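Observations on chain architecture
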Amino acid sequence: VAAEITVSPLPPALARGAMIVVLDQSVTEEAEQVRRDFVANVSHELKTPLTAMIGFIDTLRGPARDDARARDRFLDIMESEAGRMNRLVSDLLSLSRVQSEERRRPSSEVDLPMLLRGVLATLAQAIAAADVRVETEGLDGSARLPGDPDQLVQVFQNLIENALKYGRTGGYLGVGMRRIDHDPRLRGPAWAVDISDRGEGIDEMHLPRLTERFYRVDTHRSRAQGGTGLGLAIVKHIVNRHRGRLKIDSVRGEGSRFTVILPESLTRT
Ligand code: ADP
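Residues numbered from 1 in each chain as written. Predicted model: local features only at pLDDT ≥ 70, side-chain atom pairs only at ≥ 80, totals over all residues. Heavy atoms only, no water.

An unreviewed UniProt entry annotates the protein chain as histidine kinase of Paracoccus marinaquae. The protein chain has a UniProt comment under Catalytic activity (unreviewed entry) that states "ATP + protein L-histidine = ADP + protein N-phospho-L-histidine." (UniProt positions renumbered as here; feature names shortened; annotations may be inferred.)

Turning our attention to the side chain of Asn162. Examined against the element boundaries, Asn162 turns out to sit in helix α5 (residues 149-167). For Asn162, the contacting residues outside a window of four places in its chain are Gly167 and Leu232. (Helix = DSSP H or I, 4+ residues; strand = E, 2+ residues; numbered from the N terminus. Contact = heavy atoms within 4.5 Å.)

Quick look at the layout of surface pockets now. Quantified by volume, the largest pocket comes out at close to 820 Å³. Around the largest pocket, the lining is made up of 40 residues, and of these Asn162, Lys165, Tyr166, Ser222 and Leu232 lie nearest the centre. For the lining of the largest pocket, the elements supplying multiple residues, two or more each, are α2 (68-101), α5, β7 (188-197), α6 (219-224), α7 (231-241) and β9 (255-263). Take the lining of the largest pocket: its biggest share by element is nine residues, from α5. Looking at the lining of the largest pocket residue by residue, the classes come out as 13 nonpolar, 15 polar and 12 charged. (1 Å grid on protein atoms, 1.4 Å probe; cavity = no way out; pocket = protein on both sides within 12 Å on 5 of 7 lines; lining within 4 Å. Points joined across faces, edges and corners; volume = space filled by probe spheres on them. Nonpolar A, V, L, I, M, F, W, Y, C, P; charged D, E, K, R; others polar.)

The interhelical angle for the contact between α5 and α7, taken along N-to-C directions, is 145 degrees, at an axis separation of 9 Å. Pair α5 / α7 crosses with left-handed handedness. Here α5 contributes Gln151, Leu152, Gln154, Val155, Asn158, Leu159 and Asn162 to the contact with α7, which in turn contributes Gly231, Leu232, Ile234, Val235, Ile238, Val239 and Arg241. (Axes fitted to C-alpha atoms, helices over the stretch in contact; angles between N-to-C directions. Left-handed = near helix turned anticlockwise from the far one by under 90°.)

Attention now goes to the pattern of salt bridges. For side chains of opposite charge, pairing can occur when their charged atoms come near one another. Per the counting criterion, the structure on display carries 17 salt bridges. With a closest N to O distance of 2.8 Å, Glu264 and Arg179 form a salt bridge. Note that Glu264 is positioned in the segment after β9 and Arg179 in strand β6 (residues 172-183), a separation of 85 residues in sequence. Accessibility expressed as a relative area gives 24% for Glu264, which makes it partly exposed. Linking Arg221 and Glu200 is a salt bridge whose minimum nitrogen-to-oxygen distance equals 2.3 Å. Residue Arg221 is found in helix α6, and its partner Glu200 is found in the loop between β7 and α6; the two are separated by 21 residues along the sequence. Residue Glu200 is classed as partly exposed on the basis of its relative accessible area of 26%. The network of salt bridges with common partners includes Glu32, Arg35 and Arg36. (Salt bridge = Lys/Arg side-chain N within 4 Å of Asp/Glu carboxyl O. Buried < 20%, exposed > 50% of the residue type's maximum accessible area, 1.4 Å probe, protein only.)

Here it is, written out as structure tokens:
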């Protein structure tokens, strides 16, 4: 471990000891490396659509100038590349906002079943388009717990959208909510929300890294689905802010279940 130790002498009148500042450089170097990797990833993710757009502009000015059909096709592609950049920048802003708020506990309350019903209503069109059978459990009635409504909407929207993107082949979407009398990790009563699909599933080796920024099992597939690779990172930070936890169970070829467990009260955390 590379560590830097500074010993500062105190003025003679106070000289009963010394102040020792220990700075573990391996930790700061690791954080610096993570930051550098993130900047490199962001640059690459932004550069890919930009390069494509610049290429199409050149083609539109040159060879495709008088070809109306080619022009329309290229404009469509450029629109979709611009949309990708837009989503990426929105997700980056979201992530940075969520990270900066992570230490501040949410001061408001949410009605969790009502919030989930709202998310399902918002996504009704996408759910219909994916042509999946939806099964809900425990979403009637009401249950209040501390939470930031906008952020929790973002959590469940991301998870349901992922279930539709990667799980639609299974034709099933499950959204269930249940109370846990005592969650051993949160050390108290909690509410669990399960979002399940019976789609492609995820190999076990990927699970520990899934919530890292820009980590994807299949980058090509994620991009083709309009993914930014930031959704689960955003989910993780929001859940952390709520002092909750995210559990991922998945079997390749069988499907996935993402469980968000939120404490019923924040007083004991
Ligand atoms: P993306 O924008 O790529 O969807 P996410 O952070 O939301 O980014 O998810 C990271 C990766 O986790 C995805 O690229 C995908 O490989 C995998 N993943 C997420 N949800 C599911 C799911 N329900 N089934 C299978 N794989 C999933």
